[in-house]
Amino acid sequence: MARRLVWGGLARLGLVAGVLTLAAAVLCQRTLHVPHVSSEPIAGAREVTIVTRDRVALAASFLESPAHTGRCVLALHGIGDTRAGMADFADMFLAAGYAVLLPDSRAHGESGGAIITYGLFEKLDALDWVHWLKQQGCAQVYGLGESLGGAVLIQTVALEPVFRAIVAECPYSSLESVAEYRVGRMSHLPAWAANAFAWPIIKSTEVYARAVYGISLGSVSPVNDLARTSTPVLLIHGKLDTETPPKHSELLARANPHAGGCRVQGTCKHR
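As a starting point, this report considers the structure included with it. (Residues numbered from 1 in each chain as written. Predicted model: local features only at pLDDT ≥ 70, side-chain atom pairs only at ≥ 80, totals over all residues. Heavy atoms only, no water.)

1. Some remarks on the pairing of strand E2 (residues 57-63)
Here is step 1: With respect to burial, E2 is a largely interior element, six of its seven residues being buried.
Here is step 2: Two elements, strand E1 (residues 46-51) and E2, share six bridges in a ladder whose sense is antiparallel. In the strand pairing of E2, Val51 is matched with Ala57.
Here is step 3: In this sheet, strand E4 (residues 99-103) lies alongside E2 in antiparallel orientation, the contact comprising four bridges. What sits directly across from Leu63, in E4, is Val100. (Buried < 20%, exposed > 50% of the residue type's maximum accessible area, 1.4 Å probe, protein only. Helix = DSSP H or I, 4+ residues; strand = E, 2+ residues; numbered from the N terminus. Pairing = 2+ DSSP bridges.)

Have a look at this one:
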């Protein structure tokens, strides 16, 4: 009887481990890869390319104002989007005398890269783009990012104070927390049960990503990064956002009250 119980327990543990491994593999692949969408041409832009420190070719469109004042904006799109998704902001900045750089994030649009890393590599890409802008005569560089792009900018300013100020629209406070929320929501369980359902799946996914891709998704934490910067940050969040709830920006604002403010209204564009 005792032996039967032991073997039964081991079998159940093996089944649970198998299910978690399968769920982690599926979730990891869906998280790190998005369907490819080609970039649309940006009228009047100069097409540019840089090669990152890990040898990935990144593409962007650069728009210069006739009244260029040496002030420039780096505009980063959200997940599954391309530089074309940020093009609507360009006219506003060009009219004010800013030059605007619209990159395709790695693994998006015309940029290379096999996977999305949610800031682990993208923050270094942003630094490379800022250095490129400096070479073009940009004395003052500002950042604007939507969703993933906003979270990347926050992680970037924790590395180096290269921006005069940044605006982050609908960013996540940490990748782990937003992933738990989205996976838990899929379960259609009450909040406390949804969190219990999602937690082992997310942790298993982090283990899988480290083993297969060598990346630590659990370390992606803009809320910790924001606490370490003195760069002015404006957080804007849609109060009806159900993909990344407004509490993420509220947590970010509380992490460093001296770095900026938080405005919660309207809706978010990201998926």
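Structure shown, so let's carry the discussion forward.
2. A short note on the packing of aromatic side chains
Here is step 1: One pass over the structure, following the stated rule, counts four aromatic pairs.
Here is step 2: Centre to centre, the rings of Trp129 and Trp132 are 6.2 Å apart; their planes meet at 80°, and the pair counts as edge-to-face. Within this pair, Trp129 and its partner Trp132 are both found in helix H3 (residues 122-135), separated by three residues, close to a single helical turn. Comparing Trp129 with Trp132, the two get one shared label, buried.
Here is step 3: Among the aromatic residues, those joined into a cluster by ring pairs are Phe62, Trp129 and Trp132.
Here is step 4: The aromatic ring of Tyr98 is capped on one face by Arg71, whose charged end is 4.3 Å from the ring centroid. (Phe/Tyr/Trp six-rings, centres within 6.5 Å; stacked < 30°, edge-to-face > 60°. Lys NZ or Arg CZ within 6 Å of the ring centre and 35° of its normal.)

3. A short note on the packing of helix H5 (residues 175-186) against helix H6 (residues 191-213)
In a pair of packed helices, the angle between the axes and the distance between the axes together describe the arrangement.
Here is step 1: Viewed as axis vectors pointing N to C, H5 and H6 meet at an angle of 125°, and their least axial separation amounts to 8 Å. Relative to H6, the element H5 is oriented oblique. In this structure, H5 meets H6 at a crossing whose hand is right-handed. Residues Glu176, Ala179, Glu180, Val183 and Gly184 of H5 lie in contact with H6, whose contacting residues are Ala194, Phe197, Ala198, Trp199, Ile201, Ile202, Lys203 and Glu206.
Here is step 2: Broken down by class, the residue content of the contact of H5 with H6 amounts to eight nonpolar, one polar and four charged. (Axes fitted to C-alpha atoms, helices over the stretch in contact; angles between N-to-C directions. Parallel < 35°, antiparallel > 145°, perpendicular 65-115°, else oblique. Left-handed = near helix turned anticlockwise from the far one by under 90°. Contact = heavy atoms within 4.5 Å. Nonpolar A, V, L, I, M, F, W, Y, C, P; charged D, E, K, R; others polar.)

4. Some remarks on H6
Here is step 1: Taking 1.5 Å per residue as the helical rise, H6 with its 23 residues ought to reach 33 Å, and the 31 Å between its terminal C-alpha atoms agrees with that figure.
Here is step 2: Along H6, the sharpest change in direction is near 25° and occurs at Ala198; proline Pro200 comes one to four residues later.
Here is step 3: All of the buried residues along H6 are Ala193, Ala194, Ala198, Ile201, Ile202, Ser204, Thr205, Glu206 and Ala209.
Here is step 4: Following H6 by one or two positions, Gly214 adopts a phi angle in the positive range, close to 70°. (Expected span 1.5 Å × (residues − 1). Bend = angle between axes of the 7 residues up to and from the residue.)

5. Let's talk about the nonpolar core
Here is step 1: Counting 51 residues, the largest nonpolar core has Leu74, Leu101, Tyr118, Trp129, Leu133 and Phe163 as the members making the most contacts within it.
Here is step 2: Dropping the residues within four chain positions of it, Leu133 is found in contact with Phe62, Cys72, Leu74, Leu101, Cys138 and Val141.
Here is step 3: Ranked by size, the runner-up nonpolar core spans 12 residues in total, among them Ala75, Met86, Ala90 and Leu144. (Core = buried A, V, L, I, M, F, W, Y, C linked by side-chain atoms within 4.5 Å.)

6. Focus: the pattern of salt bridges
Here is step 1: This structure, assessed with the given rule, holds 11 salt bridges.
Here is step 2: Among the ionic pairs, Glu206 bridges to Lys203, the shortest N-O distance being 3.9 Å. Taken together, the residues span about one helical turn, with Glu206 and Lys203 both in helix H6 at a distance of three residues.
Here is step 3: You can call Glu206 buried: its relative accessible area is 15%.
Here is step 4: Given the relative accessible area of 29%, Lys203 is considered partly exposed. (Salt bridge = Lys/Arg side-chain N within 4 Å of Asp/Glu carboxyl O.)

7. Remarks on H3
Here is step 1: The end-to-end C-alpha separation of H3 is 20 Å, in line with the 20 Å expected for 14 residues at 1.5 Å each.
Here is step 2: Counting buried positions along H3 gives 10 out of 14 residues, so the element sits mostly inside the fold.
Here is step 3: Among all positions in H3, only Glu122, Lys123, Asp125, Ala126, Leu127, Asp128, Trp129, Val130, Trp132 and Leu133 are buried.
Here is step 4: Residues of H3 that are buried in the fold lie against E1, E2, strand E3 (71-76), E4, strand E5 (140-146) and helix H4 (148-159).
Here is step 5: The positive-phi residue at the C-terminal boundary of H3 is Gly137, with phi of around 95°.

8. Some remarks on unusual backbone geometry
Most peptide bonds are trans, and most residues other than glycine sit at a negative phi.
Here is step 1: One non-glycine residue with positive phi stands out, namely Arg55, at about 65°.
Here is step 2: Even without being glycine, Tyr118 reaches a positive phi, approximately 60°.
Here is step 3: By the element assignment, Tyr118 lies in the loop between E4 and H3.

9. Describing the packing of H3 against H4
Here is step 1: Where H3 meets H4, the closest approach of the two axes is 8 Å, and the angle between their N-to-C directions is 70°. For the element pair H3 / H4, the angle class is roughly perpendicular. Facing Glu122, Lys123, Leu124, Ala126 and Leu127 of H3, the residues of H4 in contact are Val152, Gln155, Thr156 and Leu159.

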